[in-house]
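Descriptive structure summary
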Amino acid sequence: MKKLSFFLLLTGILLSQPLQIDVRPRIIDEKTVSIVVQIDNKSKRTINQLEGFINVVTDDGNILKEKRLIIIGPNDPALLNNMTVSRSVKLDLIDPFPSYKFNVSKITFSGDYRVYTYNPKIGFYRVD
């Protein structure tokens, strides 16, 4: 019974994601696409600053373009636990239609002077 409860606890920890990132492309016209990045904070911490890069990726995995996007800047309100924030950016439409991915490069928490980055596979890790 102890092994089963340990296994269920470990599975719950591995399946829970502290940040849920959703990237949605919206075609505006023949030449422009709007990329909406939505981030749900499930980390149980208040986020003061969050920025990253939108990557334009082809079907074979090549990165065509990279665009910096500040989700929460120094003058924006903090993102509390169980809250959502979204930002959008307009890019040129590429043929054939690529996929878009957002990678977090910098994140800071309230009351913590350290700077972190985020990877969905391993979570938060300190970069400074």
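Up top is the structure these notes are about.
The text that follows walks through the structure, step by step, so that each part is easy to find. (Residues numbered from 1 in each chain as written. Predicted model: local features only at pLDDT ≥ 70, side-chain atom pairs only at ≥ 80, totals over all residues. Heavy atoms only, no water.)

Note on sheets: strands pair through backbone hydrogen bonds, and any given pair is parallel or antiparallel. Spatially, three strands are ordered β1-β2-β5 in an open sheet, and the strand pairing comes out antiparallel. Looking at strand neighbours, the two that pair on one side only are β1 (19-27) and β5 (84-92), the edges of this open sheet. The sheet shows a mean angle of 20° between the axes of neighbouring strands, taken without regard to direction. Judged from the nine bridges that link them, β1 and strand β2 (residues 32-41) form a sheet pairing that is antiparallel. (Pairing = 2+ DSSP bridges. Helix = DSSP H or I, 4+ residues; strand = E, 2+ residues; numbered from the N terminus. Axes fitted to C-alpha atoms, helices over the stretch in contact; angles between N-to-C directions.)

This part is about the nonpolar core. L50, I71 and F102 are the most contacted members of the largest nonpolar core, which has 23 residues in total. Residue assignment for this core shows that the elements contributing at least two residues are β2, β3 (47-57), β4 (63-72), β5, β6 (99-109) and β7 (116-119). Counting residues per element, this core draws most heavily on β6, which supplies five residues. With residues near it in sequence (within four places) discarded, F102 still touches I21, V23, V37, I39, L50, E51, G52, F53, I54, L69 and I71. (Core = buried A, V, L, I, M, F, W, Y, C linked by side-chain atoms within 4.5 Å. Buried < 20%, exposed > 50% of the residue type's maximum accessible area, 1.4 Å probe, protein only. Contact = heavy atoms within 4.5 Å.)

It is worth spelling out the pattern of salt bridges at this point. Going through the model one piece at a time under the given rule, you end up with five salt bridges. The closest approach of N and O atoms between R45 and D112, which form a salt bridge, is 3.1 Å. On the criterion of sequence distance, the pair formed by R45 in the loop between β2 and β3 and D112 in the loop between β6 and β7 is long-range, its members being 67 residues apart. The exposure class of R45 is partly exposed, given its relative accessible area of 33%. (Salt bridge = Lys/Arg side-chain N within 4 Å of Asp/Glu carboxyl O.)

This part takes up unusual backbone geometry. Omega for the peptide link from D95 to P96 comes to 0°, which places this bond in the cis form. The phi torsion at K44 lies on the positive side, around 65°, for a residue other than glycine. Overall, K44 belongs to the exposed group, its relative accessible area being 71%. A positive phi angle, close to 60°, is found at N82, a residue other than glycine. Of note, N82 is situated in the loop between β4 and β5.

To continue, consider the packing of aromatic side chains. Counted by the stated rule, this structure contains four aromatic pairs. On the basis of an interplanar angle of 85° and a centroid distance of 5.2 Å, the ring pair of F109 and F124 is categorised as edge-to-face. With F109 in strand β6 and F124 in strand β8 (residues 123-126), the pair connects residues that are 15 residues apart, well separated along the chain. Among the aromatic residues, those joined into a cluster by ring pairs are F109, Y116, Y118 and F124. Just above the ring of F109 sits the side chain of R45; from NZ or CZ to the centre is 3.9 Å. Cation over ring: R114 sits above Y113, and NZ or CZ is 5.9 Å from the ring centre. (Phe/Tyr/Trp six-rings, centres within 6.5 Å; stacked < 30°, edge-to-face > 60°. Lys NZ or Arg CZ within 6 Å of the ring centre and 35° of its normal.)

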